[in-house]
Amino acid sequence: MSAHMDELIAQFQHFQAKVRQAETRFAGVGDMQERIAQLETTVTSPDGNVTVVAGAGGAVTDLRLAAGAMHLEAGRLSTIIMTTLRQAVAGAVQQQAGIVDDAFGDTLGVNTQEQVREAQAEAFGTVAEPPASEPQAPPAAPRRRPAPRDDDYFEENTILRRD
């Protein structure tokens, strides 16, 4: 019985050591959560007409238009807003990934920031690079699908189409 009790005590001590390791690893979670809640990325378009602020999770918290923005053609302004918005959101998400890497990167053996950059590059069709210190010029306006002709009106209706 004594050998069995010694084995149980050893297992319990091993378990306690694992709990202490986990507590040590995750002691910084509160600090990490606070840093994430306070993060903010501000991006201004190259022409200075649009400024977007993004926070935790890429949530847009502010959008400011300069007086000159009202003189831009609507499509151009829309393109500048979307480009600036994407840059701010991408920057905020990369900043958040950096905070996670600071807290757990070594422990988990992952580079969250690099994974975020690669995912953003794939999603936006760009090269996975660290955020640029200077804002980039907005890309050309996206191509739009032509409006359907009258006789094509029901073409998109899946109820009438048989596959």
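Residues numbered from 1 in each chain as written. Predicted model: local features only at pLDDT ≥ 70, side-chain atom pairs only at ≥ 80, totals over all residues. Heavy atoms only, no water.

A count of helical and extended segments in the chain gives four helices and three strands. Traced from its N-terminal end to its C-terminal end, the chain shows the element sequence α-α-β-β-β-α-α. Taken over 163 residues, the chain has a buried fraction of 24%. Across the chain, the fraction of contacts at a sequence separation of at least 24, relative to all contacts at a separation of at least 6, is 49%. In the structure as shown, the chain presents an accessible area of about 12,000 Å², 54% of it carried by carbon and sulfur atoms. (Helix = DSSP H or I, 4+ residues; strand = E, 2+ residues; numbered from the N terminus. Buried < 20%, exposed > 50% of the residue type's maximum accessible area, 1.4 Å probe, protein only. Contact = heavy atoms within 4.5 Å. Areas by Shrake-Rupley, 256 points an atom, 1.4 Å probe, with all protein chains shown as cover.)

Scored by pLDDT, the chain comes out at a mean of 77, with 71% of its residues at no less than 70. Here helix α4 (residues 112-124) stands out as the least confident element of the chain, with mean pLDDT 77; strand β2 (residues 50-54) is the most confident, with 97. Under a pLDDT of 50 for its full length, residues 150-155 has, in the predicted model, two contacts with residues more than four places off or in other chains. (pLDDT = per-residue confidence, 0-100.)

On the surface, M5, L8 and I9 cluster together into a nonpolar patch covering about 260 Å² of accessible area. Within the secondary structure, L8 is located in helix α1 (residues 2-25). On the accessibility criterion, L8 (40% relative accessible area) is partly exposed. (Patch = residues over 30% accessible without salt bridge, like charges linked within 9 Å, V, L, I, M, F, W, Y side chains within 5 Å. Salt bridge = Lys/Arg side-chain N within 4 Å of Asp/Glu carboxyl O.)

On the basis of which strands lie adjacent, the open sheet formed by three strands has the order β1-β2-β3 and antiparallel pairing. Each edge of the sheet is formed by a strand with only one pairing partner; in this case those strands are β1 (41-44) and β3 (60-65). Geometrically, the sheet is characterised by an average inter-axis angle of 10 degrees between neighbouring strands, direction not taken into account. The pairing of β1 with β2 spans four bridges and is antiparallel. What sits directly across from V43, in β2, is V52. (Pairing = 2+ DSSP bridges. Axes fitted to C-alpha atoms, helices over the stretch in contact; angles between N-to-C directions.)

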